[in-house]
Amino acid sequence: MSTRLRVGIDGRAFDSPAAGVRRYVRELTRSLLALGEPLSVIALGGQPVPFPIEQVPEPWHPPTNFGWSTFGVLRAARNAALDLYHAPAYVAPPLGIRRMVITLHDVSYERRPEWYPHRRDSIRRLFYRRSANAADLVITDSEFSRREIEAAYGIRPEHIRVIPLGVGDAFAPLDDAPPPQGVSSPFVLHVGDLHTRRNLEVALDGVLHLRRQPGAFSHLSLVLAGLDRGLVPLLEARATAAGDPEAVNFRGHVDEATLVRLYQSASALVYPSRYEGFGLPLVEAMASGTPVLAARAGTSGEVTGDAALLLPEDDSGAWAEAMAGVLTSPERAAALRARGLTRARLYSWHHTAAATYEVYVEAAGR
């Protein structure tokens, strides 16, 4: 066993199409390297990582994601002579790796399979289950997710570690920040890929209701920053049927600088999701000084504490009223902003990395 703890991590996750996974892996790895502990992090496969770490090329494997996640990762891990492998997002070789940690950000696919009606979803769920049960320890982002993992997989509580996510220094307030090109004020913002579980119809209906009122709300829009996972046609049809297609502004994936500016210039973050394992945009919005309106579901209350206005997930009238309140009452917006900034100080990638390193040491038997 080497003096330094050699931990491998899936190199493909650094460029994951899931924005939350991509940010988690990049920020966690940067912060792990900054800890100053006797630790080497090795990226297994994937494209070149955008900061200096050891990287092992992908060995031959069947040319599919499944082939990589089973045979490719296993061979790369052996080539790298690891002490431990960290699977950062749900999937790992179910056999062949002696010491392994896995991060399960949520188990919505297991608890609410109706949201994932894909042809191969039952196969994916089985693979995720086997990956989770193969790990020595499971990391998850919240107490809510810990309970969900226990219920879904029967994993014992002593094998699960709750480590909240962090927020980067780039997410900070800027008074009177102009919105990015293509976006006009006032607007409310949603950040995250557009899944069915994100429940964005309720936010759109609230905006449509306000735009029908005379006066200050006629130019309000809902700005959506995230990749479409099949929801855009439904939202477009909903706005068009209401005779108001300009009520919603689809931005797709945005870079970090644009994302920061969106938070800084938004009247509020609207987060009506029915289920989240953590909800990283909640913390990014709070750190940016953006008032947060969130559904009373999943982890929202756990993550935001008293810093957000929590609303019934299906009551578009309540969402319209809350948006109107933030837009018309500077005092209400300022109170949410102040509580959010205080709450956001609880979350840092340094803390995430330090707690994760402790899990590595435990799982590796050091």
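Structure shown above.
The text that follows walks through the structure, step by step, so that each part is easy to find. As the structure is a computational prediction, the values presented were derived from the model and not from experiment.

**Let's talk about the overall build of the protein**
Then, number 1: The helix and strand tally for the protein stands at 13 helices and 13 strands.
Then, number 2: In terms of overall size, the protein behaves like a compact globule, its C-alpha atoms giving a radius of gyration of 21 Å where 366 residues would be expected to give roughly 21 Å.
Then, number 3: By principal-axis analysis of the C-alpha atoms, the protein measures approximately 70 × 45 × 35 Å.
Then, number 4: Buried positions account for 55% of the 366 residues belonging to the protein.
Then, number 5: A separation threshold of at least 6 residues defines the contact pool for the protein, and within that pool the share at least 24 residues apart is 68%.
Then, number 6: Within the structure as shown, the protein displays about 15,800 Å² of accessible surface, and the carbon and sulfur contribution to it stands at 52%.
Then, number 7: Taking the average location of the 39 positive side-chain charges in the protein and that of its 40 negative ones, the two points are 5 Å from each other.

**Here we look at the side chain of Ser273**
Then, number 1: The topology assignment puts Ser273 in the loop between β11 (268-271) and α9 (280-287).
Then, number 2: Judged by its relative accessible area of 2%, Ser273 falls in the buried class.
Then, number 3: Side-chain polar atoms of Ser273 contact the side chain of Glu276, separated by 2.7 Å.
Then, number 4: With sequence-adjacent residues up to four places away left out, Ser273 is seen in contact with Arg197, Arg198, Asn199, Ala295 and Ala297.

**Considerations on the pattern of salt bridges**
Then, number 1: All told, the structure shown has 22 salt bridges when counted by the stated rule.
Then, number 2: Taking the shortest distance from any N to any O, the salt bridge between Arg198 and Glu276 comes out at 2.6 Å. In this pair, Arg198 sits in the loop between β8 (187-191) and α6 (200-211) while Glu276 sits in the loop between β11 and α9, placing the two residues 78 residues apart along the sequence. As far as the burial class goes, Arg198 and Glu276 line up, both buried.
Then, number 3: One continuous salt-bridge network, built from bridges that share partners, spans Arg23, Glu256 and Glu284.

**Observations concerning the sheet that holds strand β9 (residues 221-225)**
Then, number 1: Reading across the sheet, the 6 strands line up as β10-β9-β8-β11-β12-β13 and stay open at both edges, with parallel pairing between neighbours. Edge positions in the open sheet fall to β10 (248-252) and β13 (308-311), since each of these has one partner strand only. With direction set aside, neighbouring strand axes in the sheet form an average angle of 25 degrees.
Then, number 2: Docked against the sheet, α6 engages β8, β9, β10 and β11, running at close to 155 degrees with respect to β9.

**Re helix α12 (residues 330-344)**
Then, number 1: The end-to-end C-alpha separation of α12 is 21 Å, in line with the 21 Å expected for 15 residues at 1.5 Å each.
Then, number 2: Turning to α12, its buried residues number three or more, namely Ala333, Leu336, Gly340 and Ala344. When α12 is viewed along its axis, its buried side chains cluster within an angular range of 65 degrees and face the same direction.
Then, number 3: Close packing links the buried residues of α12 with α9, β13 and α11 (316-328).

**Observations regarding the sheet that holds strand β3 (residues 54-56)**
Then, number 1: Read from one edge of the open sheet, 7 strands run β3-β2-β1-β4-β5-β6-β7, paired in parallel fashion. Each of the sheet's edge strands pairs with one partner strand only, and the pair in question is β3 and β7 (160-162). Each strand axis lies, on average, 25 degrees off the axis of its neighbour in the sheet, ignoring direction.
Then, number 2: In this sheet, strand β2 (residues 39-44) lies alongside strand β1 (residues 5-10) in parallel orientation, the contact comprising 6 bridges. Its bridge partner being in β2, Val7 is matched across the sheet by Val41.
Then, number 3: Running at roughly 140 degrees to β2, helix α2 (residues 65-79) makes contact with β1, β2, β3 and β4 (84-87) of the sheet.

**So, the nonpolar core**
Then, number 1: Judged by nonpolar contacts, the single largest core of 95 residues is most densely connected at Leu32, Leu44, Tyr85, Leu104, Tyr153, Leu189 and Leu269.
Then, number 2: Per element, the largest residue contribution to this core is 8 residues, and it comes from helix α13 (residues 349-364).

**Thoughts on the packing of aromatic side chains**
Then, number 1: Summed over the entire model, instances satisfying the criterion amount to 7 aromatic pairs.
Then, number 2: When the ring of Phe14 is compared with that of Phe51, the centres are 6.0 Å apart and the planes differ by 70 degrees; the resulting orientation is edge-to-face. Here Phe51 lies in the loop between β2 and β3 and Phe14 lies in the loop between β1 and α1 (19-34), a separation of 37 residues in the sequence. Considered together, Phe14 and Phe51 belong to a single accessibility category, that of buried residues.

Thresholds applied
- Residues numbered from 1 in each chain as written.
- Predicted model: local features only at pLDDT ≥ 70, side-chain atom pairs only at ≥ 80, totals over all residues.
- Heavy atoms only, no water.
- Helix = DSSP H or I, 4+ residues; strand = E, 2+ residues; numbered from the N terminus.
- Rg over C-alpha atoms; globule rule 2.2 N^0.38 Å.
- Buried < 20%, exposed > 50% of the residue type's maximum accessible area, 1.4 Å probe, protein only.
- Contact = heavy atoms within 4.5 Å.
- Areas by Shrake-Rupley, 256 points an atom, 1.4 Å probe, with all protein chains shown as cover.
- Lys, Arg positive; Asp, Glu negative; His and termini not counted.
- Charge placed at Lys NZ, Arg CZ, Asp CG, Glu CD.
- Polar contact = N/O pair within 3.5 Å; in protein donor to acceptor, adjacent residues only side chain to side chain.
- Salt bridge = Lys/Arg side-chain N within 4 Å of Asp/Glu carboxyl O.
- Pairing = 2+ DSSP bridges.
- Axes fitted to C-alpha atoms, helices over the stretch in contact; angles between N-to-C directions.
- Expected span 1.5 Å × (residues − 1).
- Arc of directions from axis to C-beta.
- Core = buried A, V, L, I, M, F, W, Y, C linked by side-chain atoms within 4.5 Å.
- Phe/Tyr/Trp six-rings, centres within 6.5 Å; stacked < 30°, edge-to-face > 60°.

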